[in-house]
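# Architecture at a glance
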Amino acid sequence: RANALGLAVVRGVLGKNFQLHELRNGPHAVPGRANNAPAPGEIERLTLHTIANGADAIFYFQWAAVRFGPEQSHGTPTGYDGRPNRIYPEVQRIGRKLTRIAPELAGTSVRSDVAVVYDFPTRWAMQAGEEWTGPAALHNDHAKKIYNALRATGVNCDAIGRDAAFGDYTLVVAPFLSCLDEGLVDRLVDYVTRGGTLVFHPLCGMKNADTEIYPRRLHPKLEKLFGVNVCDFTTGGPGERVAFSWAGGEGHGELFFDLVEPEGATPLARFAQGWFAGAPAVTEHRAGEGRAVYVATFADEAFYREWSVELLARLGVALPLGQVPPAWLEVAQRASTDGRTLMFLINTTGERQTLALPAPMRDLWNEETLAGGEVSFAPWQARVCRQP
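Residues numbered from 1 in each chain as written. Predicted model: local features only at pLDDT ≥ 70, side-chain atom pairs only at ≥ 80, totals over all residues. Heavy atoms only, no water.

## What about the environment of Cys385?
Quick note on the threshold: Think of it this way: any DSSP run of H or I at least four residues long counts as a helix, any run of E at least two long counts as a strand, and we number them from the N terminus. Exposure is judged per residue with a 1.4 Å probe applied to protein chains only, and the accessible area is read against the type maximum: over 50% gives exposed, under 20% gives buried, and values in between give partly exposed. Any two residues whose heavy atoms approach within 4.5 Å are treated as being in contact.
In this fold, Cys385 is placed in strand 21 (residues 382-386). Residue Cys385 is classed as buried on the basis of its relative accessible area of 1%. Between the C-alpha atom of Cys385 and that of Leu342, which follows or precedes it by 43 residues, the distance is 5.6 Å. When sequence neighbours within four positions are dropped, the list of residues in contact with Cys385 reads Thr341, Leu342, Met343, Leu345, Met361, Arg362, Asp363 and Leu370.

Here you go:
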């Protein structure tokens, strides 16, 4: 949703969660662009969203409307005459509230047990302009699908690069990680054998740093790590979905299907359609103290949403609310080294909503004490809570 004025994160936490939000077109409007004027409360919601996800400072861009140039309709807190407009009082309230809760925010940061690898070298290799690498948006679409499914559980999830410290996480999911050098391969193997859980997909681990494909389509060390042989594969056309069954129900894959032969791995799901019906769709291999999971297709988001809950439970990663939050609610947490935890609960809709809290909490942002049980959220309302 394009909203309000520009809102940009100045500094993210530890460089892991850096986000930049340009939320265009506030009280002014661009003809033909939907949802580009903020409803009351949306500026506050979006500001709390950035802080919840790692911002330590923010600024609003643009502050003053310009009467010339191509961005004359850009949203701002002050108008063409320099006077405050409709959203200015909301920005004022945000400033007062942030000043009040600053001591609680001080020393906190986003701490995540889960990470998704967003790999620029692989993205560049896949966006070379040739049809052989698949649809142009495949890399971004698949990465966002997995990230959204993990965040839908309510857990914090970092987006990390290939140089990150994998050992900081219980679970690392690689939507695409195709071009690997020996050093990166060794770090992935070390991460799993020391207790981490790594999830791979088709096209992962199949090329060296010069994009040359390994003879067996998977680096030999990774072949041993995942306990599979992935020499064969087949593809599907746009819109063609293939069902697979797993303990939690049914999922669907598309575009690419690795025909995996387990060599020590345990099948967790099998394809239910096509000439390759019965072939493993998901496998798991215990290696050292950890596990390596291979998803042999680009599965749909519904599968990842259901499977993530089951996988996180097996790994001992607790959901902040004890259950999957409703679709309208964004949940995020910031924690400090001395044990303080702030939970951000944000209504992402323009409708009044109700949430069943598992325990009493103190809403620092709105200066309310919330008893356990049903709690009401006004449209776009944000709450910053801690245990009383």
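## A few points about helix 2 (residues 88-105)
To be explicit about the condition: Every helix has an expected span of 1.5 Å times one less than the residues it contains. What is called the bend at a residue is the angle between a pair of axes, fitted to the seven residues leading up to and ending at it and to the seven starting from it.
For helix 2, with 18 residues, the first-to-last C-alpha span of 24 Å sits near the 26 Å given by 1.5 Å per residue. Maximal helix bending in helix 2 amounts to about 40°, located at Thr99; proline Pro103 follows within four positions. Listed in full, the buried residues belonging to helix 2 are Glu90, Val91, Ile94, Lys97, Ile101 and Leu105. Contacts made by the buried residues of helix 2 are with helix 1 (42-52), strand 2 (57-61), strand 3 (108-109), strand 15 (329-336) and strand 16 (341-347).

## Some points on the environment of Arg217
Quick reminder of the rule: Two N or O atoms count as a polar contact when they lie within 3.5 Å, although within protein this holds only if one can serve as hydrogen donor and the other as acceptor, and sequence-adjacent residues are included solely when both atoms are side-chain atoms.
Position of Arg217 among the secondary structure elements: in the loop between strand 7 (197-200) and helix 6 (220-226). In this structure the C-alpha to C-alpha distance between Arg217 and Cys204, which are 13 residues apart in sequence, comes to 9.0 Å. Sequence-distant contacts of Arg217, defined by excluding residues within four places in its chain, comprise Gly205, Met206, Val230, Cys231, Asp232, Phe233, Phe256 and Asp258. Within the structure, the side chain of Arg217 is placed 2.5 Å from the backbone oxygen of Val230, a separation counted as a polar contact. Within the local environment of Arg217, its side chain forms a polar contact with the side chain of Asp258, the two groups lying 3.2 Å apart.

## Description of the pattern of salt bridges
We apply this condition: Note on definitions: salt bridges are taken to be side-chain nitrogens of Lys or Arg within 4 Å of carboxyl oxygens of Asp or Glu.
Counted according to the given criterion, the structure contains 21 salt bridges. One salt bridge connects Glu44 with Lys97, and the closest N-O pair in it is separated by 3.5 Å. Of this pair, Glu44 sits in helix 1 while Lys97 is found in helix 2, placing the two residues 53 residues apart along the sequence. Lys97 carries the same exposure label as Glu44, and that label is buried. The shortest N-O distance in the salt bridge between Arg314 and Glu284 comes to 3.1 Å. Here Glu284 lies in strand 12 (residues 280-287) and Arg314 lies in helix 7 (residues 301-315), a separation of 30 residues in the sequence. Looking at Arg314, the relative accessible area reads 34%, which means it is partly exposed. Residue class for Glu284 comes out buried when judged on its relative accessible area of 12%. One network of salt bridges, in which partners are shared, links Glu284, Arg291, Glu310 and Arg314.

## Some remarks on helix 1
Here helix 1 lies mainly inside the structure; 11 of its 11 residues are buried. Positive phi shows up at Gly54, right after helix 1, with a value of about 120°.

## Describing the nonpolar core
Where we set the bar: We define a nonpolar core as any set of buried Ala, Val, Leu, Ile, Met, Phe, Trp, Tyr and Cys residues linked to one another through side-chain atoms lying within 4.5 Å.
Ranked by internal contacts, the top residues of the largest apolar core, which has 32 residues, are Leu171 and Trp307. It is helix 7 that provides the largest number of residues to this core, a total of six residues. Once residues lying within four places of it in the same chain are set aside, the contact partners of Trp307 are Val199, Trp246, Val282, Val293 and Val295. Membership of the second largest hydrophobic core comes to 30 residues, among which are Ala164, Ala174, Leu180 and Leu225.

## Brief notes about the pairing of strand 17 (residues 353-357)
Applicable threshold: When DSSP finds two or more bridges between two strands, those strands count as paired.
The two faces of strand 17 differ: Gln353, Leu355 and Leu357 on one face are buried, but Thr354 and Ala356 on the other face are not. Here five bridges tie strand 17 to strand 20 (residues 373-377), and the two strands are oriented antiparallel to one another. Each bridged residue has a counterpart across the sheet, and for Leu357 the counterpart in strand 20 is Gly373.

## Quick notes on the side chain of His201
With respect to the helices and strands, the residue His201 is situated in the loop between strand 7 and helix 6. A polar contact of 2.9 Å, which involves the side chain of His201, links it to the backbone oxygen of Ala174. With near-sequence residues (within four places) excluded, His201 lies in contact with His142, Ile146, Val173, Ala174, Pro175, Tyr294, Val295, Thr297, Phe298 and Tyr304.

## Focus on the sheet that holds strand 16
Just so we agree on the cut-off: To get an axis, a line is fitted to the C-alpha atoms, and for a helix only the part in contact is used. The angle between two axes follows their N-to-C directions and goes from 0 to 180 degrees.
In space, the six strands of this open sheet follow the order 3-15-16-21-18-19, with antiparallel pairing throughout. Edge positions in the sheet fall to strand 3 and strand 19 (368-370), since each of these pairs with one other strand and no more. Contacting strand 15, strand 16 and strand 21, helix 1 runs over the sheet at an angle of about 145° to strand 16.

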